[in-house]
2 protein chains.
Amino acid sequence: MARVGTRPENRHQARLLRLLRDSGQQSRAELGDAVELSKSKVAIEVERLADLGLVDVVGLAASRGGRRSQMVALSRRLRFVGIDIGATSIDVAVLDGELNLLGQDRAETDVRRGPASVLEQVIDLVAKVRAGLAEEGAPVTGVGVGVPGPVSQAEGALVAPPIMPGWSRFPIRDTLGAALGAPVMVDNDVNVMALGELHSGTARSVRDLLFVKIGTGIGCGIVVGGEIYRGVNGSAGDIGHIQVDGHGPVCACGNTGCLEAAFGGAALARDAEAAARSGRSAWLAERLPHPSARDVGDAAAAGDPFSLALIRDGGNRIGKVLASLVSFFNPGLVVIGGGVAGLGHPLLAEIRSVVYRRSLPLATGNLPIVLSELGGTAGVVGAGRLISDSVFATN
Amino acid sequence: MARVGTRPENRHQARLLRLLRDSGQQSRAELGDAVELSKSKVAIEVERLADLGLVDVVGLAASRGGRRSQMVALSRRLRFVGIDIGATSIDVAVLDGELNLLGQDRAETDVRRGPASVLEQVIDLVAKVRAGLAEEGAPVTGVGVGVPGPVSQAEGALVAPPIMPGWSRFPIRDTLGAALGAPVMVDNDVNVMALGELHSGTARSVRDLLFVKIGTGIGCGIVVGGEIYRGVNGSAGDIGHIQVDGHGPVCACGNTGCLEAAFGGAALARDAEAAARSGRSAWLAERLPHPSARDVGDAAAAGDPFSLALIRDGGNRIGKVLASLVSFFNPGLVVIGGGVAGLGHPLLAEIRSVVYRRSLPLATGNLPIVLSELGGTAGVVGAGRLISDSVFATN
């Protein structure tokens, strides 16, 4: 059985583990072809990985015209925990080595209650999901965590997160590591969602892509060569404060006309309430005192012209920012996710229309712009990918 | 002597060659420390590189308290040729293995004369520079070429370049390779200039940076982890057609309000001529019929308020685009280069002011925004870096 902290011993073993995670069980012969190692060398490395408890030999492959090769899979005892902490909810999943979901649960929370209370709730939720799998005593291989704010990976902590008072530099990694007895990696929620898409969403075969999260706020996960690009201070992808309107509303950041102040869940709710109170939308008026972004989507689907215009206007603003970023970054795919992405087709249609009209033809010729297929599970799967990238590496 | 097409035989040799290129001569002991190889292994690899004619043993190092270690340097016979083809000029340099300039020259041209005529002129200019070094018969190690348009690296050719009729898919790489008897790499001029900055400019120690070229047009070289990022179609960094003004002038690309239509050499010259003809600038009127971007810079330096306003307005537009890109990409450095960067301080001051005001504090906290130190040599040095990266690699 894999002991806590077990790691591959060399880069060949690390590559074999990632290959088995991403492509599932394979014969020793196929593994040798994929990592360009001789038969005897693959045999040695697979044997070592089996000794370490990281892989299982699960049978014999079909013959390729000689002796039948052993089938190798990641150990069935590997258990990654993916945690996605949002402003008002916690999602937890237990995943196997291939990052398949074995169990998951969600709880309401309020991050303003502070890290001690919220992390206690996280630990209880993890225990609950594991109890459901009858695995309470078994070791955890690793834990990945997504949090809604800027993260210092070196500290395993948030740094001055705007919406999370009391969390700055609180040791999330060390707290969860001590409680769950496993290595922990913490990252920004948008990066974690982008990793989830990369692992099992639309983005599986794409190496350079943008994942745009439109939730309460707006952010972008940047994938370069199959890896998250974080920038020199870890703030890359923070597109919510790009200016879209010189005379727009004042943003929480102090500037005027930020993308996030013009669109996103909080801005939509604000505009919906104003429209409801001023009589511009009878549909939204039924949702007073506090119509939500979701109510705007429902109203639009029911034919409310004001709500539809609100979504189109927001899509137009997102589209203009994305058009610039597509010209600059020339990605192979743009995925739109987050709660507000639930507004669906009218939003996507407007974004596509602006990007395809305003970006360079060379950059948009083969560029798909799609809604996330994973929806709510992108975060927990991505958190599992984050920690498995770390566990399946030499260091 | 290095034969044409000589390459390192393994990745250790490749790393040693790049290290010697970037850091100059070193003792075998220092090389071993840097690439984490044992003494005996380094000795073997250095001997092989010497046999291949790629390095020279140049003496003995100072003692570190035992036997004195051999000093190793790149072979003095290595010769890279850097070529920077612009719309109206050709720059050629001959460089040693460390990419020091041994000789250079420049010629006026007109790329609209077509590739056969212009490349003949390039080949003549290379011969002239080499003749000046009395090296006409010696072999060329490799040739790097920057061209002002989108490049397919696989074809070694331009693809549908807007300002170069007749060049699309013309085999630049194969034509120059046959004439100069050496491997050739072709890339976009902005990427090549960014490589030049990375090699010997302000950017030496930075791994993630943006190089913004403001010349006749406007483009951006993107460096991620010390390598050029090209995007999925090779068009990454094409920022000249980002919209900065919904009601701005019509651009050559067919859209309205592109950055390049609002600012850059061609736009400055157009605005200067209009101001001169309408009497808004007596200074520019003296330069009729065709005041240039350079005249605008001279007029501003001489105190012409119209020219100064023109530069400030352009800097403001560039600054707004850069502010978005800095929030998105979180670079460690922004370098401004190209002919219009010669407008100097008023332009830089305006760009800085907008970026520092409009980007996230986390992204701009330690962000230097500087003018290129290399000026005209960024292109030829970068072209040398481009081909040496390829020659000093196993493949």
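Sequence order as written defines the numbering, with residues in each chain counted from 1. Going through the entries in the order they are written, you letter the chains from A and number the ligands from 1. Two thresholds apply to this predicted model, a pLDDT of at least 70 for residue-level local features and 80 or more for giving and counting side-chain atom pairs, whereas whole-chain, interface and lining totals are computed over all residues. To obtain the side-chain values, all non-hydrogen atoms of the structure were included, while hydrogens and water were left out.

Put simply, the rule reads: UniProt positions are given in the numbering used here, feature names are shortened, and annotations may be inferred rather than shown by experiment.
An unreviewed UniProt entry lists chain A under the name Glucokinase-like ROK family protein, with Kineosporia succinea as the source organism. Its UniProt record gives chain A a comment under Sequence similarities (unreviewed entry), which states: "Belongs to the ROK (NagC/XylR) family."

## Here's the deal with the overall build of chain A
Which entries qualify depends on this criterion: Helix and strand definitions here come from DSSP, where helices need a minimum of 4 consecutive H or I residues and strands a minimum of 2 consecutive E residues; each element is numbered from the N-terminal end. Buried means the residue's accessible area, taken with a 1.4 Å probe over protein chains only, is under 20% of the maximum for its type, while exposed means over 50%, and partly exposed covers the values in between. Method for areas: the Shrake-Rupley scheme with a 1.4 Å probe, in which residue coverage is limited to the protein chains shown. When charges are counted, neither His nor the chain ends are considered; positive counts come from Lys and Arg and negative counts from Asp and Glu. A single reference atom marks each charge: NZ on Lys, CZ on Arg, CG on Asp, CD on Glu.
When you go through chain A residue by residue, the secondary structure sums to 14 helices and 15 strands. For chain A, the spread of C-alpha atoms along the three principal axes comes to 75 × 50 × 40 Å. Residues counted as buried form 57% of the 395 residues belonging to chain A. When the accessible surface of chain A is summed, it comes to about 15,900 Å², and 50% of that surface belongs to carbon and sulfur atoms. The average position of the 39 basic charges and that of the 40 acidic charges among the side chains of chain A differ by 5 Å.

## Some remarks on the relation of the copies chain A and chain B
Keep this limit in mind: Only residues with pLDDT of at least 70 in both copies count here: their C-alpha atoms drive the least-squares fit that superposes the copies. Contact between two residues is taken to exist if any of their heavy atoms lie within 4.5 Å; hydrogens are not considered.
Least-squares fitting of chain A to chain B yields an RMSD of 0.1 Å, with the transformation described by 0.1 Å of translation along the axis and a rotation of 180 degrees. Both copies are brought into coincidence by an operation consistent with a two-fold rotation axis. Of the C-alpha atoms belonging to chain A, the one lying closest to the rotation axis is found on Leu325(A), 3.8 Å away. Most of the interface of chain A is mirrored in chain B, where 100% of its interface residues again form contacts.

## Looking at the nonpolar core
Cut-off, in case you're wondering: Working definition of a nonpolar core: buried Ala, Val, Leu, Ile, Met, Phe, Trp, Tyr and Cys residues. They are joined through side-chain atoms within 4.5 Å.
The biggest cluster of nonpolar side chains holds 90 residues, and the ones touching the most others in it are Phe328(A), Ile336(A), Phe328(B) and Ile336(B). Not counting residues up to four positions away in its chain, the partners in contact with Ile336(B) are Val212(B), Ile214(B), Leu322(B), Ala341(B), Leu348(B), Ile351(B), Ile369(B), Val370(B), Leu371(B) and Ser372(B).

## Quick notes on unusual backbone geometry
Residue and element names in this part refer to chain A. Cis peptide bonds are those with omega within 30 degrees of zero, and the linkage from Leu 288 to Pro 289 qualifies with 10 degrees. Structurally, Pro 289 is set in the loop between α9 (282-285) and α10 (293-301). Of note, the phi angle at Ala 160 is positive, near 50 degrees, even though the residue is not glycine.

## Thoughts on the packing of helix α2 (residues 28-35) of chain A against helix α3 (residues 39-51) of chain A
For any two helices packed against each other, the geometry is given by the interaxial angle and the distance between the axes. Residues and elements named next belong to chain A. For clarity, the threshold we go by: Throughout, an axis means a line fitted to C-alpha atoms (over the contacting stretch in the case of helices), and angles, computed between N-to-C directions, take values from 0 to 180 degrees. In what follows, roughly perpendicular refers to angles from 65 to 115 degrees, roughly parallel to angles under 35, roughly antiparallel to angles over 145, and oblique to any angle outside these ranges. Amino acids are sorted into nonpolar (Ala, Val, Leu, Ile, Met, Phe, Trp, Tyr, Cys and Pro), charged (Asp, Glu, Lys and Arg) and polar (every other residue, Gly among them).
At their nearest, the axes of α2 and α3 sit 9 Å apart, and the two run at 110 degrees to each other. For the element pair α2 / α3, the angle class is roughly perpendicular. Here Arg 28, Leu 31 and Gly 32 of α2 lie close against α3, whose contacting residues are Val 42, Ala 43 and Val 46. Across the contact of α2 with α3, the residue classes break down as four nonpolar, one polar and one charged.

## A look at the sheet that holds strand β4 (residues 80-85) of chain A
Residue and element names in this part refer to chain A. In plain terms, the rule: For two strands to be treated as a pair, DSSP must find at least two bridges joining them.
Sheet architecture is open: five strands sit in the order β6-β5-β4-β7-β10, paired in mixed fashion. Looking at strand neighbours, the two that pair on one side only are β6 (101-108) and β10 (184-188), the edges of this open sheet. For this sheet, the mean angle separating the axes of adjacent strands, direction not counted, is 15 degrees. Alignment of strand β7 (residues 142-147) against β10, held across five bridges, turns out to be parallel. Across the sheet, residue Val 147 finds its bridge partner in β10, namely Asn 188. Taken strand by strand, helix α4 (residues 115-132) contacts β4, β5 (89-95) and β6, and its axis lies near 35 degrees from that of β5. Across the sheet, helix α6 (residues 189-200) is in contact with β4, β7 and β10; its angle to β10 comes to roughly 105 degrees.

## Let's talk about the sheet that holds strand β13 (residues 227-228) of chain B
Residue and element names in this part refer to chain B. Spatially, the five strands line up as an open sheet ordered β13-β12-β11-β14-β15, and their pairing is mixed. Of all strands in the sheet, those with a lone pairing partner are β13 and β15 (369-371), marking the two edges. In the sheet, strand β12 (residues 218-224) pairs with β13 via two bridges, with the strands oriented antiparallel. In the strand pairing of β13, Val 224 is matched with Glu 227. Seen against the sheet, helix α11 (residues 305-329) touches β11 (209-214), β12 and β14 (333-337) and runs at an angle of roughly 160 degrees to β11. Against the sheet, helix α12 (residues 345-358) engages β11, β14 and β15, with an angle of about 165 degrees to β15.

## Focus: α4(A)
Residues and elements named next belong to chain A. Let me state the cut-off plainly: Multiplying one less than the number of residues by 1.5 Å gives the expected span of a helix.
The first and last C-alpha atoms of α4 sit 26 Å apart over 18 residues, in line with the 26 Å expected at 1.5 Å per residue. Buried residues along α4 sit against β4, β5, β6 and α5 (172-180). Just downstream of α4, Ala 134 is the residue with a positive phi angle, here 55 degrees.

## Quick notes on α5(A)
Residues and elements named next belong to chain A. Where we set the bar: Directions drawn from the helix axis to the C-beta atoms are what define this arc.
Every buried residue belonging to α5 is among Ile 172, Leu 176, Gly 177 and Leu 180, and all of these are buried. Relative to the axis of α5, the buried residues are bounded by an arc of 120 degrees and lie together on one face. Looking at the buried side of α5, the elements it contacts are β4, α4, β7, β9 (157-158) and β10. Just downstream of α5, Gly 181 is the residue with a positive phi angle, here 60 degrees.

## Let's talk about the pairing of β4(A)
All names here are of chain A. For β4, a buried count of six out of six residues is recorded, marking the element as mostly surrounded by other parts of the structure. Residues Phe 80, Gly 82 and Asp 84 line one face of β4 and the alternating positions Val 81, Ile 83 and Ile 85 line the opposite face, and both faces are buried. Relative to β5, β4 runs antiparallel, the two being bridged by six bridges. Across the sheet, Ile 83 pairs through a bridge with Val 92, a residue of β5. Between the end of β4 and the start of β5, which pair antiparallel, lie three residues. When β4 meets β7, the two strands line up parallel, connected through five bridges. Across the sheet, the residue bridging to Ile 83 is Val 145, located in β7.

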